[in-house]
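An overview of the molecular structure
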Amino acid sequence: MKPFDKCPICGGELVKKEVEKLLRGGRHTAMLQVQAEVCLHCGERLYSQDTVRYFEEIRKKLNRQETSEFQPLGQSFKVEGKWLNKSLERT
Ligand SMILES: [Zn+2]
């Protein structure tokens, strides 16, 4: 079942596409490929209810650190502001 025929934001046409979605839960991030309806005009992405439920499951797992089923994709890093200042001093 399609949730929308037209984009609810701008009324543009929607196409089914495979998109990359980034999910955050706790300190973790997961990247996944999902089907979405993408607006050709404004780029708005619409997900089916099942997909949204699936996102919630993954977020919960990330929050609980249940990441053993997921494949590691390198690490995520936080860059602090002072790093920028240091690299500016050098130039
Ligand atoms: Zn749109």
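That block above? That's the structure.
Residues numbered from 1 in each chain as written. Predicted model: local features only at pLDDT ≥ 70, side-chain atom pairs only at ≥ 80, totals over all residues.

1. Remarks on the sheet that holds strand 1 (residues 14–25)
Inclusion rule: Any two strands are treated as partners once DSSP identifies two or more bridges connecting them. The secondary structure listing takes helices from DSSP runs of H or I that are at least 4 residues long and strands from runs of E that are at least 2 residues long, numbered from the N terminus. Our contact criterion uses C-beta atoms placed from the backbone: two residues qualify when those atoms are within 7 Å. Axis geometry follows a simple rule: fit a line to the C-alpha atoms, using only the stretch in contact for helices, then measure angles between N-to-C directions, giving values from 0 to 180 degrees.
Spatially, the three strands line up as an open sheet ordered 1-2-3, and their pairing is antiparallel. The sheet terminates laterally at strand 1 and strand 3 (45–46), the two strands that pair on one side only. For strand 1 and strand 2 (residues 28–39), the ladder comprises 12 bridges, and the chain directions are antiparallel. Following the sheet pairing, valine 15 is matched in strand 2 by valine 38. Each of strand 1 and strand 2 touches helix 1 (residues 49–63); the most contacted strand, strand 1, lies at about 20° to it.

2. Quick look at the pairing of strand 2
From the end of strand 1 to the start of strand 2, which pair antiparallel, there are two residues, and glycine 26 there has a positive phi angle of about 60°. Inspection of the sheet shows strand 2 paired to strand 3 by two bridges, in the antiparallel sense. Looking at the pairing, glutamate 37 lines up with leucine 46 of strand 3.

3. Quick look at helix 1
Along an α-helix, residues three or four apart share an orientation, since each turn contains 3.6 residues. Threshold: For a helix, the expected span equals 1.5 Å multiplied by the residue count minus one.
Between the first and last C-alpha of helix 1 there are 21 Å, a value that for 15 residues agrees with the 21 Å anticipated at 1.5 Å per step. Of the residues trailing helix 1, glutamine 65 is marked for its positive phi of about 65°.

4. Focus: the environment of glutamate 20
Counting through the fold element by element, glutamate 20 comes out in strand 1. Residues glutamate 20 and valine 34, 14 residues apart in the sequence, show an inter-C-alpha distance of 6.5 Å. When neighbours within four sequence positions are excluded, glutamate 20 is seen to be in contact with Met31 and Gln33.

5. Brief notes about unusual backbone geometry
For clarity, the threshold we go by: Partly exposed residues are those falling between the two cut-offs: more than 12 but fewer than 20 other C-beta atoms within 10 Å of their own, whereas 20 or more means buried and 12 or fewer means exposed, with C-beta atoms placed from the backbone.
A positive phi angle, near 65°, is found at glutamine 65, a position not held by glycine. Residue glutamine 65 is classed as exposed on the basis of its 11 C-beta neighbours within 10 Å.

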